[in-house]
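A structural walkthrough
Each chain, written out:
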Amino acid sequence: MIRLLIVDDHPIVRDGLRGVFAAEPDLTVVGEAADGAEAVRRAASADVVLMDLRMPGMGGVEAIKRLRETCPEVRVLVLTTFDTDSDVLPAIEAGATGYLLKDAPRDELLRAVRSAYRGESVLSPAVAGRLMGRVRRPADASLSKREREVLALVADGTTNREAAKRLFVSEATIKTHLLHIYDKLGVRDRAAAVGEAYKRGLLS
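Computed from a prediction, not measured in an experiment: that's the story for all the values here.

A few words on the pattern of salt bridges. On inspection of all chains with the given rule, the structure shows 19 salt bridges. Of the charged contacts, one joins E32 and R14 as a salt bridge, the two residues approaching to 2.9 Å between their closest N and O atoms. You can see E32 sitting in strand β2 (residues 27-33) and its partner R14 sitting in helix α1 (residues 11-22), a full 18 residues away along the chain. Neither E32 nor R14 differs from the other in exposure class; each is buried. One salt bridge in this structure joins K199 and E196, with 3.8 Å as the shortest N-O distance. Highlighted residues: K199 and E196, both in helix α10 (residues 190-199), separated by three residues, approximately one helical turn. For K199, a relative accessible area of 54% puts it in the exposed group. Where salt bridges share partners, they join E24, D26, R106, D107 and R114 into one cluster.

A few words now on the sheet that holds β2. If you trace the six strands from one edge of the open sheet to the other, you get β2-β1-β3-β4-β5-β6, paired in parallel fashion. Only two strands of the sheet have a single neighbouring strand rather than two, namely β2 and β6 (122-123). Both strand β5 (residues 98-101) and β6 contribute to a ladder of two bridges, which runs parallel. Its bridge partner being in β6, Y99 is matched across the sheet by L123.

Rules and cut-offs
- Residues numbered from 1 in each chain as written.
- Predicted model: local features only at pLDDT ≥ 70, side-chain atom pairs only at ≥ 80, totals over all residues.
- Heavy atoms only, no water.
- Salt bridge = Lys/Arg side-chain N within 4 Å of Asp/Glu carboxyl O.
- Helix = DSSP H or I, 4+ residues; strand = E, 2+ residues; numbered from the N terminus.
- Buried < 20%, exposed > 50% of the residue type's maximum accessible area, 1.4 Å probe, protein only.
- Pairing = 2+ DSSP bridges.

What follows is the structure, encoded as C-alpha cells:
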C-alpha cells in the first residue's frame, strides 16, 4: 500500500485528489496539509507527498528541502499549475522526485505517483520540454545592455509606453525586448522576470 500525503492550500483541490485515489486499491491518503510547514510535520506517515509549490507561509520548495533532511526516504511529487524555470528548477534541485502539472490526466497522475514511489523521476511533458530547452540554451544567454535597461525600467513599475519614451524606441521594440528577456530567464510575465532577475543578481 502506497501512503499519500496531499499538500495544497485549496481544500477543493485536496478533496478532488482524495477522490482520484479513493478507488485505487494500492493507494491510500493518510493525511492532508495546507502549507509546507504542516507537510513537514506530517510527512513521516507517508511514502509519497503530493506537493503544491505556492502556498501561504512555507512554500513547496522550502518544504522539499526540509523533507530531504528530516524524511529522506519520503518521495516528493510536485503537483502544481506553474511550469516556469523559476518554479521547476528550484523544486528539482531541492530534491523533488517528480514534477507534474495539475491539468495532467487522471491516469498520468496515478502512474506518476506509483513511479515516484519506486524512486523513478517523473516529469510532465511540458516540464521535460522546458528542462531540455534550458539544457540546450547557450550558457552565455545573458541579457544584453538594452535588455537590462528595459528590465530595470519594468522593475521600477514603468509601462511599455513610458519605457519606449525613456529609451527613444517604439513600444513594439520594448515588447520584443521583453519577449527576449522572458525567454532568457525562463519566465512568462513581467513580475516573474523581475523576480528572477533579482534572484540572479541582474538587478540590485
